Amino acid sequence: MDLHILEHRVRVLSLARRGLWLYTHPLLKLLFLPQRCRCKFFSLTETPEDYTIMLDEEGFKELPPSEFMQVADSTWLVLSVVSNGRAPSGCQATGVTKIARSVIAPLAEHHVSVLMLSTYQTDFILVRERDLPVVIHTLAGEFDIYKEESGECVPVTCDDVSNGFLKPKPAASPTLHPVQSPQTRFCVMAVAPDTLPAIATMLIDVLFYSHSPPREAGTGSQDLDSITFFSFSLIEGYISIVMDAETQKRFPSDLLLTSSTGELWRMVRIGGQPLGFDECGIVAQIAEPLAAADISAYYISTFNFDHALVPEEGIAEVIQLLQQRQESSR
């Protein structure tokens, strides 16, 4: 397999729910008119606490600074594991499980913090730009590594980054964060770009007129019977949407592409308090036991908490695996 370092330089930010009104115009432009701002990497995820936005520098220029927006200090680079060609395939990805052992675990061991963004088509690993030398040295033995430059894939070797490489500090034992599993059932879908206008009105209604009450960022430890969660990604022309099953019923079924089995997914939400960006091994804490049990999962990191989506029929096994991991660490 190959590891591609994509051209995108991504910013990660939190938008307070009460400040959404200020960003309606630029977000509509990013959602429906990306050619107007030349944004090629855009993801918007609604959680009970806020809206998490991941977007490239061209998209970031569209968002005015305000008291409602909190931006992570680092610039992030996007990694993608490629096995058959460089473009995302039209079939449904298998999620974070397939890259847990080869990418996520080694980076955690070398004290590299990662964010994950799983979409219908593929899975993206985000690493801080300053950590790239460590990333390359860590993964060069497992992958042929390429860096995209002006649309071309250029091979990368350890020698190319030797001047910037610092020997990583030994990773501290990761904190095992509490997990929750709301009863909400989710769908993971794709939308053909040419049909996006047909669901634009419904997307605007769901994203901008949701009346769910905001939750304080520090209250992640509360029991959740249900959860507000909606994720929209438009990355290099591919659209991916995660929504709950009840919200899906509001959309024309013939315009939403799902897997042939039409399976539903349950969420595992990670974190009792906001996680931050410096801690390493958060994704690995979920991905490794699921990979060992051969359970597929989608993983979406947000500004405060992380979220894994697993097949509905496997949620009991997943919770048991994670509880056993918590107990064995005590």
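Refer to the structure above for everything that follows.
Source: prediction; values computed, not measured.

Observations regarding the overall build of the protein chain
Next up, step 1: Per the secondary structure count, the protein chain includes nine helices and 16 strands.
Next up, step 2: Taking all 330 residues of the protein chain together, 55% fall into the buried category.
Next up, step 3: A separation of at least 24 residues holds for 81% of the contacts in the protein chain among residues at least 6 apart in sequence.

Observations concerning the side chain of R128
Next up, step 1: Mapped onto the elements of the fold, R128 is located in strand 7 (residues 123-128).
Next up, step 2: Of note is the side chain of R128, whose polar atom sits 2.9 Å from the side chain of S74.

Re the pairing of strand 5 (residues 76-82)
Within a regular strand, side chains alternate between the sheet's two faces.
Next up, step 1: Of all seven residues in strand 5, seven are buried, a share of seventy percent or more.
Next up, step 2: Residue alternation in strand 5 divides its side chains into two sets, W76, V78, S80 and V82 and L77, L79 and V81, and both sets are buried.
Next up, step 3: Here strand 1 (residues 2-16) runs beside strand 5; their pairing, made up of six bridges, is antiparallel. Of the residues in strand 5, the one forming a bridge with H4 is S80.

Digging into the pairing of strand 11 (residues 185-191)
Next up, step 1: Buried residues dominate strand 11, accounting for six of its seven residues.
Next up, step 2: Sheet analysis places strand 11 next to strand 14 (residues 265-270), joined by two bridges and oriented antiparallel. Bridge pairing in strand 14 places F186 opposite W265.
Next up, step 3: As defined by bridge partners, strand 11 adjoins strand 13 (residues 238-244) across six bridges and the pair is classed as antiparallel. Residue A190 lies in a different strand from strand 13, and its bridge partner there is S240.

Focus on helix 1 (residues 24-32)
Next up, step 1: Of all the residues in helix 1, the buried ones are P26, L27, L30 and L31. Down the axis of helix 1, the smallest arc covering the buried residues is 135°, so these residues share one side.

Quick notes on the pattern of salt bridges
Next up, step 1: Overall, the coordinates contain ten salt bridges when judged by the stated rule.
Next up, step 2: One salt bridge connects R269 with E49, and the closest N-O pair in it is separated by 2.5 Å. One end of the pair, R269, is in strand 14; the other, E49, is in the loop between strand 2 (41-46) and strand 3 (50-56), and 220 residues separate them in sequence. An identical accessibility class is assigned to R269 and E49; each is buried.

Comments concerning the nonpolar core
Generally speaking, a soluble globular protein has its nonpolar side chains buried in company with each other.
Next up, step 1: One finds V96, I125, V127 and Y299 to be the most contacted residues of the largest nonpolar core, which totals 43 residues.
Next up, step 2: Beyond its immediate chain neighbours, meaning those up to four positions away, V127 contacts T75, W76, L77, L79, L107, V112, S113, V114 and V135.
Next up, step 3: Formed by 38 residues, the second largest nonpolar core is a distinct cluster that contains L55, L196, L255 and L264.

Re the packing of aromatic side chains
Next up, step 1: One pass over the full model with this rule turns up four aromatic pairs.
Next up, step 2: Taking NZ or CZ as reference, R11 lies 5.0 Å from the ring centre of F60, over its face.
Next up, step 3: Just above the ring of F305 sits the side chain of R269; from NZ or CZ to the centre is 4.4 Å.

Details of the environment of S233
Next up, step 1: Counting through the fold element by element, S233 comes out in strand 12 (residues 230-235).
Next up, step 2: Classification of S233 as buried rests on a relative accessible area of 3%.
Next up, step 3: Between the alpha carbons of S233 and F41 there is a distance of 7.9 Å; along the sequence they are 192 residues apart.
Next up, step 4: Setting aside its immediate chain neighbours within four residues, S233 contacts F42, S43, L117, T119, Y238, I239 and S240.
Next up, step 5: One polar contact links S233 to S43, side chain to side chain, over a distance of 3.1 Å.

Some remarks on the environment of T122
Next up, step 1: Along the chain, T122 falls in the loop between strand 6 (114-118) and strand 7.
Next up, step 2: For the pair T122 and S80, spaced 42 residues apart in sequence, the C-alpha separation works out to 8.0 Å.

Here we look at the packing of helix 1 against helix 6 (residues 196-208)
Next up, step 1: Contact geometry of helix 1 with helix 6 gives a least axis separation of 12 Å together with a crossing angle of 145°. Crossing angle aside, the handedness with which helix 1 passes helix 6 is right-handed. For the pair helix 1 and helix 6, the contacting residues are T24, L27, L28, L31 and F32 in the first and L196, A200, L203, I204, L207 and F208 in the second.

Considering the packing of helix 8 (residues 282-292) against helix 9 (residues 315-328)
Next up, step 1: Direction vectors running N to C along helix 8 and helix 9 enclose 120°, while the axes themselves pass 10 Å from each other. Between helix 8 and helix 9, the crossing angle belongs to the class labelled oblique. Viewed along their axes, helix 8 and helix 9 form a crossing whose handedness is right-handed. Across from A284, Q285, I286, E288, P289 and L290 in helix 8, the residues of helix 9 making contact are V318, L321, L322, R325 and Q326.
Next up, step 2: Each residue belonging to the contact of helix 8 with helix 9 can be placed in one class, and the counts come to seven nonpolar, two polar and two charged.

Overview of unusual backbone geometry
Leaving glycine aside, a negative phi is the common case for residues, and trans is the common case for peptide bonds.
Next up, step 1: In this structure, E236 is a non-glycine residue whose phi angle is positive, near 50°.
Next up, step 2: Note on E236: relative accessible area 38%, which makes it partly exposed.
Next up, step 3: For D294, which is not glycine, the phi dihedral falls at a positive 55°.
Next up, step 4: Assignment of secondary structure puts D294 in the loop between helix 8 and strand 15 (298-301).
Next up, step 5: Judged by relative accessible area, D294 falls into the exposed class, the value being 68%.

About the cut-offs
Residues numbered from 1 in each chain as written. Predicted model: local features only at pLDDT ≥ 70, side-chain atom pairs only at ≥ 80, totals over all residues. Heavy atoms only, no water. Helix = DSSP H or I, 4+ residues; strand = E, 2+ residues; numbered from the N terminus. Buried < 20%, exposed > 50% of the residue type's maximum accessible area, 1.4 Å probe, protein only. Contact = heavy atoms within 4.5 Å. Polar contact = N/O pair within 3.5 Å; in protein donor to acceptor, adjacent residues only side chain to side chain. Pairing = 2+ DSSP bridges. Arc of directions from axis to C-beta. Salt bridge = Lys/Arg side-chain N within 4 Å of Asp/Glu carboxyl O. Core = buried A, V, L, I, M, F, W, Y, C linked by side-chain atoms within 4.5 Å. Phe/Tyr/Trp six-rings, centres within 6.5 Å; stacked < 30°, edge-to-face > 60°. Lys NZ or Arg CZ within 6 Å of the ring centre and 35° of its normal. Axes fitted to C-alpha atoms, helices over the stretch in contact; angles between N-to-C directions. Left-handed = near helix turned anticlockwise from the far one by under 90°. Parallel < 35°, antiparallel > 145°, perpendicular 65-115°, else oblique. Nonpolar A, V, L, I, M, F, W, Y, C, P; charged D, E, K, R; others polar.

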